[in-house]
Amino acid sequence: MERRKRILVAGGSHSEMPVIEAAKNQGYYVITTGNDSDAIGHRIADKYVAGDYSDKEFIYYLAESEHVEGIVSGANDFSYISVSYACEKLGLKGHDTFENARKIHIKDEFRKLQQELGIKSPTVRKYYGTELTEDIGRDVTFPVVVKPVDLTGGKGVEVCNNLEKLHIAITKAKEVTREDYVIIEDYIEGTPHGFSSIIKDGRVVWHMIDNEQYGENKYLVLGAFSPSDVPQHVEYTLINDIEKIAEKCGLVDGLFHVQFILDKTGYPVMIDPCRRMPGDLYVLLAKYTTGVDIPHEIIKHETYCTDETRYVYKHRFVARECIMGDKSGIIKDVFVDQTVKEKMVYSYYRDFKGEALDDPLKYKAGIIIMSFDSYSEMIKMVKNFRKLVHIEME
C-alpha cells in the first residue's frame, strides 16, 4: 500500500478545521499539534501530538521526527512564525523566511516596513518596562492605543484617553506579551474592515473585502460580512500596498490577510497583517462569498503544490457571525431563530451546555455563516442578529 503524504498542521481549534478537512480530502495523513488536547480539530486529524506551536524548536523537531512533506500554520501569528522557522531549517517551501515572518507579524517591525515603503501607518512608540513614569504622557496626543507587539484577537489592546488609563494599559499589555516592551500607537478613527488576498509571483490574483463588527469588546471581532461597502479605490490602494510589500520582502505565493481602518479621509490604514489563515472560520466566509476554495488554496500554497487555480468570483452575499453571551452564568442552550436557520449555510457550536460563561466579552459559543439573496437582506439580518441568536442561561 502506498504511503500517504504526511502534513503537520500547527493548530487544532475550530479555526483550523476547514484546512484539516481539506488536507484529508486531498489524501494527506494529517498530524496536528497544540496545547489544548480537547480542541475539535485534533479529533478529526489522523494523529495528535501535544505541544506548544509557539515554540519554534518544538515545531522543527516534530516536523523532522514525523518526516512530514509539508507544514501548515494555524490561525495564530506564533504558529506562522514557528512554522516559517521550521520550514527554513528543513528546506520545506511554501512559507516566508523566518525574518520576513517576523516583519509581517510583529507589529512594530511591520510599522517600520510600512514607513520604509511609504505606506500610511499609525505613529508607533516603544515602551520598555523601565519607562513606566510620568514622562510617558509627554510625547503622546490622546487618544492612543496600547498593544502587545506579538498577540492577536485584541489581547492586551486598550484605547487610552488620559495618562492614568495609559499607565494601566501598559501594565496589562506587559503582563501578556512575550517581549520586553509594548507599543503605543496613534488612534485611527474610522470603520474596521478585513482585506483577504492571494499573492502569486508578487501580484494579488484574488481578493475580497469585508465589513467587521464589534460589540462591547472593541478589540474582538463579532462578525464580518462581504461584499463590503468601501469604495473601489480602497481595493486598488490595498492591492498596490500589498504588492509593494511582496516585492520588497520577496514574499512567497499564498494568503495575505490584513485588518485595516478606513479613516475619515477615506484612506485605508493597515493595522494587523498576517500570512496565515484568519480565525473563527473566516476561510469559509471567503469560500462562500467568492466561490474559491480557500482551505484548499492554503494547503496548496503552504505545502508548495504547483497546480494552477483559475480564480472565478461568485460575489455572493455572506455573513459570518459569532455567538456571544451578554452576561456571566451557566449556559443552558443557544436560541437560534428560524429566520436565521433558513439562511444558514454552515454552523459550528461548542459543547456549551452546562459550561460556565465567566467572561462574556471573550466567550464564543459558536459561529454561524449565512448566505443571502441581496445586500439589503444581509444588512437587515446582521443588524438584528444579536436579537435573533442568543445564549440562554440556567
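Before reading further, recall that the structure is shown in the block above.
Position numbers for residues start from 1 in each chain and track the written sequence from start to end. Only residues with pLDDT of at least 70 are given local features in this predicted model, and only at 80 or more are side-chain atom pairs given and counted; all residues enter the totals for whole chains, interfaces and linings. Heavy atoms from the whole structure form the basis of all side-chain values; hydrogens and water molecules are not counted.

**Q** Summarise the overall build of the protein; cite the residues concerned and give the values.
**A** Scanning the protein for helices and strands turns up 12 helices and 19 strands. Taken against the 2.2 N^0.38 rule, which gives 21 Å for 394 residues, the C-alpha radius of gyration of the protein at 21 Å falls within 12% of a compact globule. With respect to the principal axes defined by its C-alpha atoms, the protein has extents near 70 × 50 × 45 Å. Here the protein holds 394 residues, and the buried ones make up 53% of them. We count a stretch as a helix when DSSP gives it H or I for four or more residues in a row; a strand needs E for two or more, and each element gets its number in order from the N terminus. When we talk radius of gyration, it's over C-alpha atoms, and the globule rule is simply 2.2 Å times the number of residues to the 0.38. Here's how the labels work: a residue is buried when its accessible area is under 20% of the maximum for its type, exposed when over 50%, partly exposed in between, all with a 1.4 Å probe on protein chains only.

**Q** Tell me what's going on with the sheet that holds strand β13 (residues 268-274), and back it up with residues and numbers.
**A** Reading across the sheet, the 8 strands line up as β13-β12-β9-β10-β11-β14-β18-β16 and stay open at both edges, with antiparallel pairing between neighbours. In this open sheet, the two strands that pair with only one neighbour each are β13 and β16 (344-349). Pairwise comparison of adjacent strand axes, ignoring direction, gives a mean angle of 25° for this sheet. Note on contacts: a residue pair is in contact if any heavy atoms of the two residues lie within 4.5 Å. An axis is simply a line fitted to the C-alpha atoms; with a helix, the fit covers only the stretch in contact. Between two such axes, the angle follows the N-to-C directions and lies from 0 to 180 degrees. Against the sheet, helix α9 (residues 282-290) touches β9 (190-200), β10 (203-214), β11 (221-226), β12 (254-263), β14 (317-324), β16 and β18 (364-372), its axis set at about 115° to β10. In this description, strands pair whenever DSSP reports at least two bridges between them.

**Q** Quick one: what's the story with the sheet that holds strand β19 (residues 389-393), residue by residue and with numbers?
**A** Judged by pairing direction, the sheet is antiparallel, and its 3 strands sit side by side in the order β17-β15-β19 without closing on themselves. In this open sheet, the two edge strands, each paired with only one partner strand, are β17 (356-357) and β19. As paired strands, strand β15 (residues 329-336) and β19 are joined by 5 bridges and run antiparallel to one another. Along β19, the bridge assignment pairs Asp 333 with Glu 392. Most of the contacts of helix α12 (residues 375-388) go to β19, to which it runs at about 10°, and overall it touches β15 and β19.

**Q** Provide a residue-level description of unusual backbone geometry, including the pertinent values.
**A** For the bond from Phe 142 to Pro 143, the omega torsion is 0°, close enough to zero to count as cis. Inspection of the secondary structure puts Pro 143 in the loop between β5 (124-128) and β6 (144-147). Between Ser 226 and the following residue, Pro 227, the backbone shows a cis peptide bond with an omega angle of 5°. Looking at the secondary structure, you find Pro 227 in the loop between β11 and α8 (232-249). A positive phi angle, close to 55°, is found at His 67, a residue other than glycine. Checked against the element boundaries, His 67 lands in the loop between α3 (56-65) and β4 (70-73). A positive phi is found at Asp 201, a non-glycine position, where the angle reads about 50°. In this fold, Asp 201 is placed in the loop between β9 and β10.

**Q** Describe the side chain of Asn 76, naming the residues involved and giving the relevant values.
**A** Relative to the elements of secondary structure, Asn 76 occurs in the loop between β4 and α4 (77-90). On the basis of relative accessibility, which here comes to 16%, the residue Asn 76 falls in the buried class. Those residues in contact with Asn 76, other than ones at most four positions away along the chain, are Tyr 53 and Arg 276.

**Q** I'd love a proper account of the packing of α4 against helix α5 (residues 98-105), names of residues and values included.
**A** Packed helices, taken two at a time, are described by the angle between their axes plus the distance between the axes. Where α4 meets α5, the axes come as close as 8 Å, and the angle between the chain directions of the two elements is 165°. Taken as axis vectors, α4 and α5 run roughly antiparallel relative to one another. Between α4 and α5 lies a crossing whose hand is right-handed. Contact with α4, carried on its side by Asp 77, Tyr 80, Ile 81, Ser 84, Tyr 85 and Glu 88, involves Phe 98, Ala 101, Arg 102 and His 105 of α5 and no other residues of that element. Working rule for angles: under 35 degrees goes down as roughly parallel, over 145 as roughly antiparallel, 65 to 115 as roughly perpendicular, anything else as oblique. What makes a crossing left-handed is the near helix being turned counterclockwise from the far one by less than a right angle; a clockwise turn instead makes it right-handed.

**Q** With reference to specific residues and values, describe the packing of aromatic side chains.
**A** By convention, a stacked pair of Phe, Tyr or Trp rings (six-membered ring in the case of Trp) has centres within 6.5 Å and planes under 30 degrees apart, an edge-to-face pair has planes over 60 apart, and any other such pair is tilted. A complete count under the given rule lists 3 aromatic pairs for this structure. Plain terms: the ring middles of Tyr 85 and Phe 98 are 5.4 Å apart, the flat faces sit at 70° to each other, and that makes the pair edge-to-face. Taken as a pair, Tyr 85 in helix α4 and Phe 98 in helix α5 lie far apart in primary sequence, 13 residues in all. Taking 5.3 Å as the distance between ring centres and 45° as the angle between the ring planes, the aromatic pair formed by Tyr 128 and Tyr 181 counts as tilted. Residue Tyr 128 is found in strand β5, and its partner Tyr 181 is found in strand β8 (residues 181-186); the two are separated by 53 residues along the sequence.

**Q** Describe the state of the cysteines, naming the residues involved and giving the relevant values.
**A** The disulfide criterion used throughout: a pair of cysteine sulfur atoms within 2.5 Å. Across all of its chains, the model carries 0 disulfides by this definition. For the unlinked cysteine Cys 322, the closest cysteine sulfur is that of Cys 274, found at 16 Å. Taking the relative accessible area as the measure of exposure, Cys 322 reaches 0% and is therefore buried.

**Q** Give a detailed account of helix α6 (residues 107-117), specifying residues and quantitative values.
**A** Turning to α6, its buried residues are Lys 107, Asp 108, Phe 110, Arg 111, Leu 113, Gln 114 and Leu 117. Next to the buried residues of α6 lie α5, β5, β6, β8, α8 and β13. After α6 finishes, the residue Gly 118 shows a positive phi value of roughly 75°.

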